[in-house]
Amino acid sequence: GAVVSQHPSRVICKSGTSVKIECRSLDFQATTMFWYRQFPKQSLMLMATSNEGSKATYEQGVEKDKFLINHASLTLSTLTVTSAHPEDSSFYICSAVLLTGSSTDTQYFGPGTRLTVL
Amino acid sequence: AQRVTQPEKLLSVFKGAPVELKCNYSYSGSPELFWYVQYSRQRLQLLLRHISRESIKGFTADLNKGETSFHLKKPFAQEEDSAMYYCALSGTSYGKLTFGQGTILTVHP
């Protein structure tokens, strides 16, 4: 099946610094990538939708200047958490999909990135 | 607005017993419903989708529009079924998923 990777898998940073997380589709081209946030023992919360070559669409309540998303190619999307604070500590998960409009379009998920802000 | 509710956070059964994970949704249009599974230390993966009407690993789920439900069932649970299960809905914006809170299923030997 299709594989999505995330890098890094784990990152610890100091408050005020910026952190970049990469999401790559390894064996398929993804027209769309999604970024989720997951708090401990809670559900996935969609943060933004990233389409190749265009600006990301953010969900209500998600600060676009705080969470910068770049979808530079059909296989790579990056999420940059700017000026990170302890409350940004979370598990960030991306997913990738090649949207064809078919009912069989499937989102493939990355393994997630654990961000800890000290 | 769309919403997915999984009323049970934890569900425990013994091996060989039937299991049903509940999922209710709220959506005004015609939804696409999915079940995702996350095994320990693994990534989230699609288990099944209602439109395929398939059985995966012995699991089935039927969309009941009258009751706005999409419960996941398996007649005989196995220990390897122990995992976190998420019900998800895709509505107006194609591809965007709304997830339920998840149910941790534990199958005891």
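In this numbering scheme, every chain counts its residues from 1 along its sequence in written order. For naming, the first written chain is A and the first written ligand is 1, with later ones following in the order written. It should be noted that, the model being predicted, local features are given only for residues of pLDDT at least 70 and side-chain atom pairs only at 80 or more, the latter also being counted only at that level, while totals for whole chains, interfaces and linings use all residues. Hydrogens and waters are ignored; side-chain quantities use all the structure's heavy atoms.

K.L.:
Explain the sheet that holds strand 7 (residues 60-61) of chain B here, please?
P.N.:
The strands that make up a sheet are held in pairs by hydrogen bonds between backbone atoms, and each pair lies either parallel or antiparallel. Residue and element names in this part refer to chain B. Following DSSP output, two strands are said to pair if at least two bridges run between them. Think of it this way: any DSSP run of H or I at least four residues long counts as a helix, any run of E at least two long counts as a strand, and we number them from the N terminus. Strand order in this open sheet of 3 strands is 3-8-7, and the pairing throughout is antiparallel. The sheet is open, and its two borders are formed by strand 3 (19-21) and strand 7, each paired with just one other strand. With 3 bridges joining them, strand 3 and strand 8 (residues 72-74) adopt antiparallel strand pairing. The residue of strand 8 that forms the bridge with Val19 is Lys74.

K.L.:
How do you make sense of the pairing of strand 9 (residues 83-90) of chain B when you look at a structure like this?
P.N.:
Successive residues of a regular strand alternate their side chains across the two faces of the sheet. Residues and elements named next belong to chain B. Burial status follows relative accessibility: with a 1.4 Å probe on protein chains alone, a residue under 20% of its type maximum counts as buried, one over 50% as exposed, and anything between as partly exposed. With 8 of 8 residues buried, strand 9 lies mostly within the body of the structure. Going residue by residue along strand 9, you find Ala83, Tyr85, Cys87 and Leu89 tucked away on one face and Met84, Tyr86, Ala88 and Ser90 tucked away on the opposite face as well. Sheet topology places strand 5 (residues 32-38) next to strand 9; 7 bridges connect them, and they run antiparallel. When the sheet's bridge partners are listed, Val37 is paired in strand 9 with Tyr85.

K.L.:
Before we go on, may I ask you to explain the interface of chain B and chain A in this structure?
P.N.:
How big an interface is tends to be reported as the loss of accessible area on association of its parts. Tallying the contact residues gives 17 residues for chain B and 23 residues for chain A. Note on terms: buried area is the combined drop in 1.4 Å-probe accessible area of two parts once they are placed together, counting the loss on both. Together chain B and chain A conceal approximately 1600 Å² of surface at their shared face, both sides included; 54% is due to carbon and sulfur atoms. Here a polar contact is taken to be a pair of N or O atoms separated by no more than 3.5 Å, where protein atoms must pair a possible hydrogen donor with a possible acceptor and residues adjacent in sequence count only if both atoms sit in side chains. Counting across the chain B and chain A interface gives 6 residue pairs in polar contact (both at pLDDT 80 or more). Looking at the side of chain B that touches chain A, the elements with two or more residues in it are strand 5, strand 6 (45-49) and strand 10 (97-99) of chain B. Broken down by element, the residue count for the side of chain B that touches chain A peaks at 3 residues, all from strand 5 of chain B. Residues are sorted three ways: Asp, Glu, Lys and Arg are charged, Ala, Val, Leu, Ile, Met, Phe, Trp, Tyr, Cys and Pro are nonpolar, and all the rest, Gly among them, are polar. When grouped by side-chain class, the residues that make up the side of chain B that touches chain A number 8 nonpolar, 4 polar and 5 charged. A contact between two residues is defined here by any heavy atoms of the two lying within 4.5 Å.

K.L.:
Just to check I follow, could you spell out the environment of Arg41 of chain B for this structure?
P.N.:
Residues and elements named next belong to chain B. Here Arg41 is to be found in the loop between strand 5 and strand 6. On the accessibility criterion, Arg41 (85% relative accessible area) is exposed. The spatial distance from the C-alpha of Arg41 to the C-alpha of Ala83 is 9.9 Å, given a sequence separation of 42 residues.

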